[in-house]
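Now for the letters of each chain:
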Amino acid sequence: MRARLSDIAQQAEVSEATVSRVLNDRPGVAPETRQAVLTALDVLGYERPARLRKRSAGLVGLVVPELDNPIFPAFAQIIESALAPTGYTPVLCTQTPGGVREDEYVEMLLDRQVSGIVFVSGLHADTAADHDRYRTLLARPLPIVMINGYAPGIPAPFVSCDDRESAELAVAHLVALGHRRIGLITGPDRFVPVQRKVAGYKAAMGRLTDISDEDLTELTELSLFGVEGGEAAAGRLIERGATGLVCGSDLMALGAIRAARQRGLSVPEDISVVGYDDSPLMAFTDPPLTTVRQPVAAMAVAAVRALVDEINGHPSPNSEYLFRPELVVRGSTAVTRPATSPKRQRPAPTSLAVPA
């Protein structure tokens, strides 16, 4: 038993006394520490004591659109941590192009008798989708909570970042640096967050610049989410003379930086780029990405609390809770070049032949 305690303590990075308190279900251990010890038990292949197995309150579904974008694993990790002290275990369902659809995952979760479901950037954010699927779940009744996206007429809690304000923050930052021809790159316009970003962008540009409505339309590029979509849209905006780019995600911003470099331009000396999300590792890109931070931790915890309250029969008000974004200034934005500077777009450097 001594060796077993030491193995568990080493795996969980806690003392053997703490392991003993957790295994004997004694008080005085923080929820995070207790979960670390239980996770160590699972990793090492030890069976949890019966008294601890009884602590599990059940399963909760967690449906996310993908894991390629690092913002979604960030949501999943915090939701899992927030659920742990409540006794619920998340069942992660990840969608992939051409793979299992959201409705199919929901059927699987219902078969597993989940106590509730959290949807992150799901079909509730798509104005072209049929939202009766959520009303059917609520009629079972099954508690659900939606993150990022809003659909009127669904009596459930919604947790969102203020996308309109995020676009306004990005535009105001670039205007303060002297930029006027500022382009917007974001996803398809059927998504609620995209519609809100476009509205915020146009409102800020109308308030802070003298760009005409016609030019605003020319400077707005709706593309596919992801690096490739950002790259394609940025190329078109650079050719139209944009000196600053506001992007709907960090991955789109990385694509915009790639498009600039392929045209022989430097970021931020020739063109400034602002992302959105502040997903992990954005502080370590080249250059470090200026972005608008989604308060992922606060949003995830709020969603978990709302869901657990619903499960326990204490429903939250059925409305949307908006969380304020935060501008994080790093190295991908800078003061625009003077109007008298040389032509912005330079030919890409040619490759040199090296003799064999």
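Placed above this text is the structure.
The present account deals with the structure reproduced in this document. Counting restarts for each chain, with residues numbered from 1 along the sequence as it is written. Where local features are concerned, this predicted model is filtered to residues with pLDDT of at least 70; where side-chain atom pairs are given and counted, the filter is 80 or more; whole-chain, interface and lining totals use all residues. Heavy atoms throughout the structure, all of them, feed into the side-chain values; hydrogens and water do not.

**Re the packing of aromatic side chains**
- Each aromatic pair joins two rings of Phe, Tyr and Trp (for Trp, the six-membered one) with centres within 6.5 Å, and gets the label stacked for planes under 30 degrees apart, edge-to-face for over 60, and tilted for any other angle. Per the stated rule, a full pass over the model turns up three aromatic pairs.
- Geometrically, the ring pair formed by Y150 and F158 is edge-to-face, given 4.8 Å between the ring centres and 70 degrees between the ring planes.
- The buried label goes to any residue with under 20% of its type's maximum accessible area, the exposed label to any with over 50%, and the partly exposed label to all in between, with areas taken from a 1.4 Å probe on protein chains only. For Y150, a relative accessible area of 30% corresponds to the partly exposed category.
- Owing to a relative accessible area of 0%, F158 belongs among the buried residues under this scheme.
- Judged by centre distance (6.1 Å) and plane angle (55 degrees), the rings of F191 and F225 are tilted. Here F191, found in the loop between β6 (182-186) and α9 (192-208), pairs with F225, found in the loop between β7 (220-222) and α11 (227-239); they are 34 residues apart in sequence, far enough to count as distant.
- Take F191: its relative accessible area is 18%, and that puts it in the buried class.
- Both a distance and an angle decide whether a charge sits over a ring: NZ of Lys or CZ of Arg must be within 6 Å of the ring centre and within 35 degrees of the ring normal. Of note, K197 hangs over the ring of Y276, and the distance from its end group to the ring centre comes to 3.8 Å. A run of DSSP states H or I qualifies as a helix once it reaches four residues; a run of E qualifies as a strand once it reaches two. Both are numbered from the N-terminal end.

**A short note on the sheet that holds strand β9 (residues 272-277)**
- Pairing between two strands requires that DSSP report at least two bridges joining them. Pairing within the open sheet is mixed, and its six strands lie in the order β7-β6-β8-β9-β10-β12. The open sheet has two free edges, formed respectively by β7 and β12 (326-328), since each of these has just one partner strand. Here the strands of the sheet are splayed against their neighbours by 20 degrees on average, with no regard to which way each runs.
- Across three bridges, strand β8 (residues 244-247) lies against β9 in parallel orientation. Counted as the bridge partner of L245 is V273 from β9.
- Only heavy atoms matter for contacts: two residues are in contact if any of them lie within 4.5 Å across the pair. To obtain an axis, a line is fitted to C-alpha atoms, over the contacting stretch when the element is a helix, and the angle between two such axes runs from 0 to 180 degrees between their N-to-C directions. The sheet strands contacting helix α8 (residues 163-176) are β6, β8, β9, β10 (290-293) and β12, and the helix crosses β9 at an angle near 160 degrees.

**Remarks on helix α2 (residues 16-23)**
- Residues T18, V19, V22 and L23 constitute the buried set of α2. Buried residues along α2 cover an arc of 135 degrees about the axis, so they all sit on one side.
- Looking one or two residues beyond α2, the residue adopting positive phi is D25, at roughly 60 degrees. Here the arc refers to the set of directions running from the helix axis out to each C-beta atom.

**Focus on the environment of V29**
- On the secondary structure map, V29 appears in the loop between α2 and α3 (31-44).
- The spatial distance from the C-alpha of V29 to the C-alpha of T18 is 7.3 Å, given a sequence separation of 11 residues.
- Ignoring any residue separated from it by four or fewer positions in sequence, one finds V29 in contact with T18, R21, V22 and R34.

**Points about the side chain of Q95**
- Tracing the backbone shows Q95 in the loop between β2 (88-94) and α6 (102-111).
- Pairs of N or O atoms are called polar contacts if they sit within 3.5 Å, as long as, within protein, a hydrogen donor faces a hydrogen acceptor (for residues adjacent in sequence, only side-chain-to-side-chain pairs). From its side chain, Q95 meets the backbone nitrogen of E102 in a polar contact 3.4 Å long.
- Beyond its immediate chain neighbours, meaning those up to four positions away, Q95 contacts V63, V64, P65, E66, V100, R101, E102 and Y105.

**Points about helix α12 (residues 250-262)**
- Take the residue count of a helix, subtract one, and multiply by 1.5 Å to get its expected span. Here α12 contains 13 residues, and its C-alpha end-to-end distance of 19 Å stays within 8% of the 18 Å for a straight helix at 1.5 Å per residue.
- For α12, the full list of buried residues reads D250, L251, M252, A253, G255, A256, I257, A259 and A260.
- Check the buried side of α12 and you find it contacts β6, α11, β8, β9 and β10.

**With respect to the nonpolar core**
- Residues enter a nonpolar core if they are buried and are Ala, Val, Leu, Ile, Met, Phe, Trp, Tyr or Cys, with the set joined through side-chain atoms within 4.5 Å. The biggest cluster of nonpolar side chains holds 66 residues, and the ones touching the most others in it are I79, V120, I147, I185, Y201, L245 and V273.
- Those residues within four positions of I147 in sequence are excluded, and the remaining contacts are F75, I79, V118, F119, V120, S121, H124, V159, M299 and A303.

**Details of the packing of α6 against helix α7 (residues 132-139)**
- Closest axis-to-axis distance for the α6/α7 pair is 12 Å, and the angle between their directions is 10 degrees. Judged by the angle between their axes, α6 and α7 are roughly parallel. Residues E102, D103, V106 and L110 of α6 pack against R133, Y134 and L137 of α7.
- Three classes are used: nonpolar for Ala, Val, Leu, Ile, Met, Phe, Trp, Tyr, Cys and Pro, charged for Asp, Glu, Lys and Arg, and polar for all others, with Gly counted as polar. Here the residues of the contact of α6 with α7 sort into four nonpolar, no polar and three charged. Reported orientations rely on four angle classes, namely roughly parallel under 35 degrees, roughly antiparallel over 145, roughly perpendicular from 65 to 115, and oblique for the rest.

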